[in-house]
Amino acid sequence: MKFRNFKMVDYVVYGRGSFDQLDEILAPHRKEGQPMVFLVDHFFEGKPLVARIPLRGNDKVIFADVTYEPKTTQVDGLAQSLKDEFGQVSGVIGIGGGSTMDLAKAVSLMMTNPGSSADYQGWDLVKMPGVYKAGIPTLSGTGAEVSRTTVLTGPTRKLGMNSDFTPFDQIVLDPELTTNAPANQRFYTGMDCYIHCIESLQGTYLNEFSKSYGEKALELCQYIFLEKDTWDEECDDKLMMASYAGGMSIAYSQVGVAHAVSYGLSYLLGTKHGVGNCIVMNHLEDYYPQGVAEFKRMVEKGGFDIPQGITKGLTDEQFDKMIDVSLGMKPLWENALGKDWEQIMTREKLRALYEKL
């Protein structure tokens, strides 16, 4: 195929208070005797948001522990427990940050596809549509609400289930849900969006589709993190749209060096995605000089400390594992460095980069 036939999210609702329309949105997708399953970030356990979830019949709320990013074993366990309890479900609704939304996408797919989610880590390996799935972000930046992947840590690698069956059927973008998010978490996910833009706009895969979304997302991030002096409703509104546009910008292109290196950190050390991207971005002047300089201004203005020295004391074997995971992200490296990327990013060069972190 010369041009990619890109599968997008089917339905999008945006606006403050739009979460309250969830009951009517879900109603046409309910099947008799089969519940809607709400996977909710465990951060909200005991919080008012849970009481607003429109439960009907035998609907189930599951608080997802996303202290660490989703693992294939967690996905498989959740899908199997739902099959054991209900046979089949009407849908899976993810309410939370990127990890919760990725978990919801993956569980939806594993309700209908045989085997383990680890079998589908890669590109276009999923063969069957999942059950109905909706994503409701409570943090902005990851772009998980619009992406065609669900990033999972498996037995041998960290890699997404990248497929046309992965995107949500519905997303609900309600900026009110991001109010009072912890400042550091909000910053790290916001930087995930900013880094998406830098990597997409400077990548070899770039075209006008990606560029249009990427430039708008970048403009929003620059306004929020450099021009605004206090965080307010406008910031929440704009960052939610930056996340959406940033996710769309990489749909027709790819991310790059920061994400490829961050995947290795996450696999070995369990580093959270947004934090990992920031740790790596701090040292990528050779690849994104202007982006890194601006990123450092954002960090300084926000008064945040990016962790340092996290790879100190690792063994050769541990470095090799991170390098293996990172070099497995071939489309990311090709987008960043071109078709000859393997001659440019040698194992030795990548090891030296990891040692700086």
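Above: the structure in question.
These remarks concern the structure in this document.

Parameters at a glance
Residues numbered from 1 in each chain as written. Predicted model: local features only at pLDDT ≥ 70, side-chain atom pairs only at ≥ 80, totals over all residues. Heavy atoms only, no water. Helix = DSSP H or I, 4+ residues; strand = E, 2+ residues; numbered from the N terminus. Rg over C-alpha atoms; globule rule 2.2 N^0.38 Å. Buried < 20%, exposed > 50% of the residue type's maximum accessible area, 1.4 Å probe, protein only. Contact = heavy atoms within 4.5 Å. Areas by Shrake-Rupley, 256 points an atom, 1.4 Å probe, with all protein chains shown as cover. Lys, Arg positive; Asp, Glu negative; His and termini not counted. Charge placed at Lys NZ, Arg CZ, Asp CG, Glu CD. Axes fitted to C-alpha atoms, helices over the stretch in contact; angles between N-to-C directions. Parallel < 35°, antiparallel > 145°, perpendicular 65-115°, else oblique. Left-handed = near helix turned anticlockwise from the far one by under 90°. Nonpolar A, V, L, I, M, F, W, Y, C, P; charged D, E, K, R; others polar. Phe/Tyr/Trp six-rings, centres within 6.5 Å; stacked < 30°, edge-to-face > 60°. Lys NZ or Arg CZ within 6 Å of the ring centre and 35° of its normal. Expected span 1.5 Å × (residues − 1). Arc of directions from axis to C-beta. Pairing = 2+ DSSP bridges. Salt bridge = Lys/Arg side-chain N within 4 Å of Asp/Glu carboxyl O. Core = buried A, V, L, I, M, F, W, Y, C linked by side-chain atoms within 4.5 Å.

Looking only at helices and strands, the protein chain has 14 helices and nine strands in total. Taken against the 2.2 N^0.38 rule, which gives 21 Å for 357 residues, the C-alpha radius of gyration of the protein chain at 19 Å falls within 12% of a compact globule. When the backbone C-alpha atoms are referred to their principal axes, the protein chain occupies close to 55 × 45 × 45 Å. Per-residue burial for the protein chain yields a buried fraction of 57% across its 357 residues. The long-range fraction of contacts in the protein chain, counting pairs at least 24 apart against all pairs at least 6 apart in sequence, stands at 77%. As presented, the protein chain carries roughly 14900 Å² of accessible surface, and 51% of it is formed by carbon and sulfur atoms. Side-chain charges in the protein chain split into 35 positive and 47 negative, and the spacing between the mean points of these groups amounts to 3 Å.

Attention now goes to the packing of helix α8 (residues 257-269) against helix α9 (residues 273-281). Angle between the axes and distance between the axes are the two parameters that describe a pair of packed helices. Interhelical geometry of α8 versus α9 gives an angle of 120 degrees and a closest axis separation of 8 Å. If you check the angle between α8 and α9, you find them oblique. With respect to the hand of their crossing, α8 and α9 are arranged in right-handed fashion. Mapping the contact onto sequence places Ala258, His259, Val261, Ser262, Tyr263 and Leu265 in α8 and His273, Gly276, Asn277, Ile279, Val280 and Met281 in α9. Along the lines of polarity and charge, the residues of the contact of α8 with α9 split into seven nonpolar, five polar and no charged.

With that settled, consider the packing of aromatic side chains. A complete count under the given rule lists ten aromatic pairs for this structure. Summarising the aromatic geometry, the rings of Phe209 and Tyr252 are spaced 4.8 Å apart at their centres and angled 65 degrees between planes, so their arrangement reads as edge-to-face. Pair noted here: Phe209 is in helix α6 (residues 208-227) and Tyr252 is in the loop between α7 (233-251) and α8, with a separation of 43 residues, a long-range link. Judged by its relative accessible area of 28%, Phe209 falls in the partly exposed class. Each ring, one from Trp333 and one from Trp341, has its centre 6.2 Å from the other, and the planes form 15 degrees; the classification is stacked. Taken as a pair, Trp333 and Trp341 share a single burial class, namely buried. Counting every residue linked through ring pairs, the aromatic cluster contains Phe187, Tyr188, Phe225, Trp231 and Phe304. Taking NZ or CZ as reference, Arg186 lies 4.1 Å from the ring centre of Trp231, over its face.

Now for helix α3 (residues 72-86). With 15 residues, α3 should cover 21 Å at 1.5 Å per step; its first-to-last C-alpha distance of 21 Å lies within 8% of that length. All of the buried residues along α3 are Thr72, Val75, Leu78, Ala79, Leu82 and Phe86. Down the axis of α3, the smallest arc covering the buried residues is 135 degrees, so these residues share one side. Facing away from the buried surface of α3 by more than 90 degrees, the exposed residues are Thr73 and Asp84. Downstream of α3 by a residue or two, Gly87 has a phi angle that is positive, lying close to 80 degrees.

Before going further, it helps to examine the sheet that holds strand β8 (residues 158-162). Read across the open sheet, the three strands follow the order β5-β8-β7; overall the sheet is mixed. At either margin of the open sheet sits one strand with a lone partner, and together these are β5 (122-123) and β7 (151-153). One ladder, built from two bridges, connects β5 with β8; its direction is parallel. If you follow Trp123 over to β8, its bridge partner there is Asn162.

As for its position among the elements, Thr100 is in helix α4 (residues 98-110). For Thr100, a relative accessible area of 0% translates into the label buried. C-alpha of Thr100 to C-alpha of Ala144: the two residues are 44 residues apart in sequence and 9.3 Å apart in space. Setting aside its immediate chain neighbours within four residues, Thr100 contacts Leu39, Val40, Asp41, Val66, Gly94 and Ile95.

Moving on to the side chain of Ser117. Within the fold, Ser117 resides in the loop between α4 and β5. The class for Ser117 is buried, based on a relative accessible area of 0%. Look past the residues within four positions of Ser117 in its chain and what remains in contact with it is Thr72, Val75, Asp76, Met110, Leu152 and Met161.

The tally for this structure, following the rule as stated, stands at 22 salt bridges. Close ionic contact of Glu233 with Arg16 constitutes a salt bridge, the shortest N to O distance being 3.9 Å. Remark: Arg16 occurs in the loop between β1 (11-14) and α1 (22-26) and Glu233 occurs in helix α7; sequence separation between them is 217 residues. In this structure, the salt-bridge partner of Lys301 is Asp229, at a minimum N-O distance of 3.2 Å. On the criterion of sequence distance, the pair formed by Lys301 in helix α10 (residues 289-302) and Asp229 in the loop between α6 and α7 is long-range, its members being 72 residues apart. Residue Asp229 is classed as exposed on the basis of its relative accessible area of 70%. Salt bridges linked by common partners bring Arg16, Glu233 and Asp237 together as one network.

What follows is about the nonpolar core. Grouped together as the largest cluster of nonpolar side chains are 60 residues, with contacts concentrated most on Leu284 and Trp333. Residue contributions to this core peak at nine residues, all from helix α5 (residues 183-201). Among the nonpolar cores identified, the runner-up in size contains 36 residues, and Val37, Ile62, Val89 and Met101 belong to it.

These values are about where atoms sit, not about what they do.
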